[in-house]
Amino acid sequence: MSDYRNVWALIAAAAFLQLGGGILGVVTPLGLETLGVSPGLIGAIAAVYALGFMVGAYTASNAVILFGNIRVFSAAAATCGASVLVMQLALDPWSWTFVRIVQGAAFAWMFSSIEAWLGATVSVRNRGSVSGFYHLIAKFALMAGPFFVAGLAPVDFRPYLWCAMFLCLSLLPVCLTRRGEPPAPSVEPLPFRRLFDIAPSAVIAVFLAGLINSGTLALLPLYAGVALPGIGGGSTGAAAIAAAAVWTGGLISQWPAGRISDHVDRRAVIAVMGAVSAVAALVLGLFPRMAENWTLITLAVWGAGSLSFYGIGVAHAIDRSDTAQISRVMSGLLFVWAAGSVIGPPLSGYAFRMPFTDGGLFLLAAISSAILAAAMMYRRTKRQDVPKEAQEPWKITLPSTASTGEIDPRTE
């Protein structure tokens, strides 16, 4: 239990951050829609957040070397909190575009600082359990955030005050902790060509995870307004319930899918998850106005398939990597995921307004998921699986932070 006591402040800070991030994920697209922005442009603005995240992830290590974990976290949290308030002071799309770039970089800095700190503080023996607990708390906070603003108008000042408040509260456990700061991390991602040579299936899976999930989740609040008009007490309430359904499905499926991948070809598991995602997305795309209970169930099934294969793709890459390469491989895969996250939201934005249907968002997700499943099955014919005795055990690995593997026990 001492390892948990040593890092409770960092886990609490991450929870506050995800509460704020969950609110932003709902009110930003709905607020832009209220301001008259087209779905295509909403997707483009979501893409600049991913671009800011890439920049933040790339510069985070140098920032920690120069200023230390506490100062980097504090500066990023303060900047992010102020940027949320700017969204209320300047209700126009161009200001929000700039703000989202800043927020992407700030979140990358904050989570890079937390995860490097966790990795240096927790003993190797308990690192897997602490990492799993950390990710679980973070995801529950991400799901809970939107419910604080359910029923409020997307451009009402209160959602933004809630978000800024949670970001400010994240400063307290970090600034008041008596634990010493760890040494600065120094991990550079592998060149893309080298990464692809090591594990092409992992690169494909991680890239499509960014493209499919980031794009679909960015426009999900708009889809919820169409598919779930009778629940939640308004657009923010419907969006909160839809996001909760998706993330619940992802949380439920992640552990069994990962454990199964320890015993069979991981590419086959990714293909199955992609097929499940494709079928659920096809139903959501073809029948966007079906009964609301069925919509929520299908959203959960989609989340179960689509939000579970990123970590399996990372595990597949680790299986094919030397121990000394693991941190660099995980860092490189993060950038591959972020590249997909830059491309996905604009495509999803334009698909959302596909002629003759309100389900274009999920029709695009269905096509992309089917491509993923087909690619994994094709790759199985080109290269044999890693022997089971040579595999590293699957661990929970999520792309929503700037993780470079510091808290993953496989990096030791």
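Before reading further, recall that the structure is shown in the block above.
Let us look at the structure shown here. Quick caveat: nothing in here was measured; it's all calculated off a predicted structure. (Residues numbered from 1 in each chain as written. Predicted model: local features only at pLDDT ≥ 70, side-chain atom pairs only at ≥ 80, totals over all residues. Heavy atoms only, no water.)

### Side note on the overall build of the protein chain
- When helices and strands are counted, the protein chain shows 15 helices and zero strands.
- For the protein chain, buried positions account for 59% of its 412 residues.
- With the model as given, the accessible surface of the protein chain reaches about 15900 Å², and the carbon-plus-sulfur share is 68%. (Helix = DSSP H or I, 4+ residues; strand = E, 2+ residues; numbered from the N terminus. Buried < 20%, exposed > 50% of the residue type's maximum accessible area, 1.4 Å probe, protein only. Areas by Shrake-Rupley, 256 points an atom, 1.4 Å probe, with all protein chains shown as cover.)

### Here we look at the packing of helix α11 (residues 266-286) against helix α15 (residues 360-382)
- Contact pair α11 / α15: the axes reach a minimum separation of 7 Å and the direction vectors enclose 160°. Classified by the angle their axes make, α11 and α15 are roughly antiparallel. Here α11 runs over α15; the crossing is left-handed.
- In terms of residue class, the contact of α11 with α15 is built from 18 nonpolar, four polar and three charged. (Axes fitted to C-alpha atoms, helices over the stretch in contact; angles between N-to-C directions. Parallel < 35°, antiparallel > 145°, perpendicular 65-115°, else oblique. Left-handed = near helix turned anticlockwise from the far one by under 90°. Nonpolar A, V, L, I, M, F, W, Y, C, P; charged D, E, K, R; others polar.)

### Quick look at the state of the cysteines
- All chains considered together, the criterion is met by zero disulfides.
- Free cysteine: cysteine 163, not disulfide-bonded; nearest cysteine sulfur from cysteine 80 at 6.6 Å.
- The class for cysteine 163 is buried, based on a relative accessible area of 1%. (Disulfide = S-S within 2.5 Å.)

### Structural notes on the packing of aromatic side chains
- Under the counting rule described, the total for this entry stands at 10 aromatic pairs.
- Here phenylalanine 53 and tryptophan 337 contribute two aromatic rings whose centre-to-centre distance is 5.8 Å and whose plane-to-plane angle is 75°, an arrangement assigned as edge-to-face. Of the two residues, phenylalanine 53 sits in helix α2 (residues 39-67) while tryptophan 337 sits in helix α14 (residues 326-352), which places them 284 residues apart along the sequence.
- Relative accessible area serves as the criterion here: at 4%, phenylalanine 53 is assigned to the buried category.
- What makes tryptophan 337 buried here is its relative accessible area of 12%.
- On the basis of an interplanar angle of 20° and a centroid distance of 6.3 Å, the ring pair of phenylalanine 107 and phenylalanine 111 is categorised as stacked. Of the two residues, phenylalanine 107 and phenylalanine 111 both sit in helix α4 (residues 93-121), four residues apart, roughly one turn of that helix.
- On the basis of relative accessible area, phenylalanine 107 is assigned to the buried category, the value being 4%.
- Taking relative accessible area as the criterion, phenylalanine 111 reaches 1% and is therefore assigned buried. (Phe/Tyr/Trp six-rings, centres within 6.5 Å; stacked < 30°, edge-to-face > 60°.)

### Details of the nonpolar core
- Core analysis: the largest hydrophobic core is formed by 114 residues, its most contacted members being Phe73, Met110, Ile114, Leu299, Trp302 and Phe362.
- In terms of residue count, the dominant contributor to this core is helix α9 (residues 200-227) (16 residues).
- Phenylalanine 73 has contacts with Ala13, Leu17, Met110, Ser113, Ile114, Ser170, Leu171 and Val174, leaving out every residue within four places of it along the chain. (Core = buried A, V, L, I, M, F, W, Y, C linked by side-chain atoms within 4.5 Å. Contact = heavy atoms within 4.5 Å.)

### Observations concerning helix α13 (residues 309-319)
- Along α13, 11 of the 11 residues are buried, which leaves the element largely enclosed by surrounding structure.
- Of the residues making up α13, those classed as buried are Phe309, Tyr310, Gly311, Ile312, Gly313, Val314, Ala315, His316, Ala317, Ile318 and Asp319.

### Looking at the pattern of salt bridges
- Taken as a whole and assessed by the stated rule, the structure comprises eight salt bridges.
- In this structure, arginine 193 and aspartate 197 form a salt bridge, with 3.7 Å as the shortest nitrogen-oxygen distance. Pair noted here: arginine 193 and aspartate 197 are both in helix α8 (residues 192-198), with a separation of four residues, about one helical turn.
- Taking the relative accessible area as the measure of exposure, aspartate 197 reaches 40% and is therefore partly exposed.
- Notably, a salt bridge pairs arginine 259 with aspartate 262, separated by 3.4 Å at the nearest N-O pair.
- According to the relative accessible area criterion, arginine 259 is partly exposed, its value standing at 30%.
- Looking at aspartate 262, the relative accessible area reads 16%, which means it is buried. (Salt bridge = Lys/Arg side-chain N within 4 Å of Asp/Glu carboxyl O.)

### Notes on the packing of α11 against helix α12 (residues 292-306)
- Interaxial distance between α11 and α12 falls to 7 Å at its minimum, and their mutual angle equals 155°. What the angle tells us is that α11 and α12 run roughly antiparallel. α11 and α12 meet at a crossing whose hand is left-handed. For the pair α11 and α12, contact is made by Met273, Val276, Ser277, Ala280, Ala281, Val283 and Leu284 and by Thr295, Thr298, Leu299, Val301, Trp302, Ala304, Gly305 and Ser306, respectively.

### Here's the deal with a nonpolar patch on the surface
- A grouping of Val272, Val276, Trp294, Ile297 and Val301 is seen on the molecular surface, where their side chains present a nonpolar patch of about 450 Å² in accessible area.
- Of all the elements in the fold, those that place two or more residues in the nonpolar patch are α11 and α12.
- Looking at which element gives the most residues to the nonpolar patch, the answer is α12, with three residues.
- Here isoleucine 297 shows up in helix α12. (Patch = residues over 30% accessible without salt bridge, like charges linked within 9 Å, V, L, I, M, F, W, Y side chains within 5 Å.)

### Description of the environment of leucine 24
- Of note, leucine 24 is situated in helix α1 (residues 2-34).
- The class of leucine 24 is buried, set by a relative accessible area of 2%.
- Separated by 139 residues in the primary sequence, leucine 24 and cysteine 163 have C-alpha atoms spaced 7.2 Å apart.
- Contacts of leucine 24, omitting those with residues within four sequence positions, involve Pro29, Val84, Met87, Arg100, Gln103, Phe107 and Cys163.

### Considerations on the environment of glutamine 88
- Along the chain, the position of glutamine 88 falls in helix α3 (residues 69-89).
- For glutamine 88, a relative accessible area of 22% corresponds to the partly exposed category.
- Once the C-alpha coordinates of glutamine 88 and phenylalanine 157 are considered, the two residues, 69 residues apart in sequence, prove to be 6.4 Å apart.
- Dropping the residues within four chain positions of it, glutamine 88 is found in contact with Val155, Asp156, Phe157 and Tyr160.

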